[in-house]
Amino acid sequence: MIYFTATSNIFFAESIQNASMTIDLQLTNNSSLVLDSVKCLSDSLDFVPSLVFHISLTEEQVRKLYKNPIETFTAKGILTTTFTKKKIKQQKRIFNCLLK
């Protein structure tokens, strides 16, 4: 299980809590990985609104993400974020550790 946390400067509706949604990951090689039935929880980290996405990945998906990290993360209808080159390098290190 992998957890992605997204912070925001707006508070999210309670209806998002425990919602199941689709996540679209655009990868650095211009391919995409679509994950269905991702659990989303609304949380507040030190009064900063945030969403936590609970994502189950197979080993094959982790390998794919190691080779081509996430460039853009989209939670359908809620948010989209693009990662900097520095964050993409960090992803490679994280996914490499998960594969060991």
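Residues numbered from 1 in each chain as written. Predicted model: local features only at pLDDT ≥ 70, side-chain atom pairs only at ≥ 80, totals over all residues. Heavy atoms only, no water.

Undergrad: Just to check I follow, could you spell out the overall build of the chain for this structure?
TA: What the chain contains, in helices and strands, is two helices and six strands. Along the chain, helices and strands appear, N-terminal first, in the series β-β-β-β-α-β-β-α. Here the C-alpha radius of gyration of the chain, 14 Å, is about what a compact globule of 100 residues would show, namely 13 Å. Overall size of the chain, expressed as C-alpha extent along the three principal axes, is 35 × 25 × 25 Å. Evaluated residue by residue, the chain yields a buried proportion of 37% over its 100 residues. Considering only intrachain contacts with a sequence separation of at least 6, the fraction spanning at least 24 residues in the chain is 58%. Of the roughly 6,400 Å² that the chain leaves accessible, carbon and sulfur atoms contribute 51%. (Helix = DSSP H or I, 4+ residues; strand = E, 2+ residues; numbered from the N terminus. Rg over C-alpha atoms; globule rule 2.2 N^0.38 Å. Buried < 20%, exposed > 50% of the residue type's maximum accessible area, 1.4 Å probe, protein only. Contact = heavy atoms within 4.5 Å. Areas by Shrake-Rupley, 256 points an atom, 1.4 Å probe, with all protein chains shown as cover.)

Undergrad: When you look at the packing of aromatic side chains in this model, what are you seeing that I'm missing?
TA: Two numbers describe a pair of aromatic rings. These are the distance of the centres and the angle of the planes. Applying the stated criterion to the full structure yields one aromatic pair. Its guanidinium or amino end placed over the ring of Tyr-66, Lys-92 lies 4.5 Å from that ring's centre, counting from NZ or CZ. (Phe/Tyr/Trp six-rings, centres within 6.5 Å; stacked < 30°, edge-to-face > 60°. Lys NZ or Arg CZ within 6 Å of the ring centre and 35° of its normal.)

Undergrad: I keep staring at the nonpolar core and nothing clicks. Help me out?
TA: A general tendency of soluble globular proteins is for nonpolar side chains to be buried together. Ile-23, Leu-25, Leu-35, Phe-53, Ile-55, Leu-65 and Phe-73 are the most contacted members of the largest nonpolar core, which has 25 residues in total. Residue contributions to this core peak at five residues, all from strand S2 (residues 19–27). Contact partners of Phe-73, with chain neighbours within four places excluded, come to Phe-4, Ile-23, Asp-24, Leu-25, Phe-53, Ile-55, Leu-79, Thr-80, Thr-81 and Phe-83. (Core = buried A, V, L, I, M, F, W, Y, C linked by side-chain atoms within 4.5 Å.)

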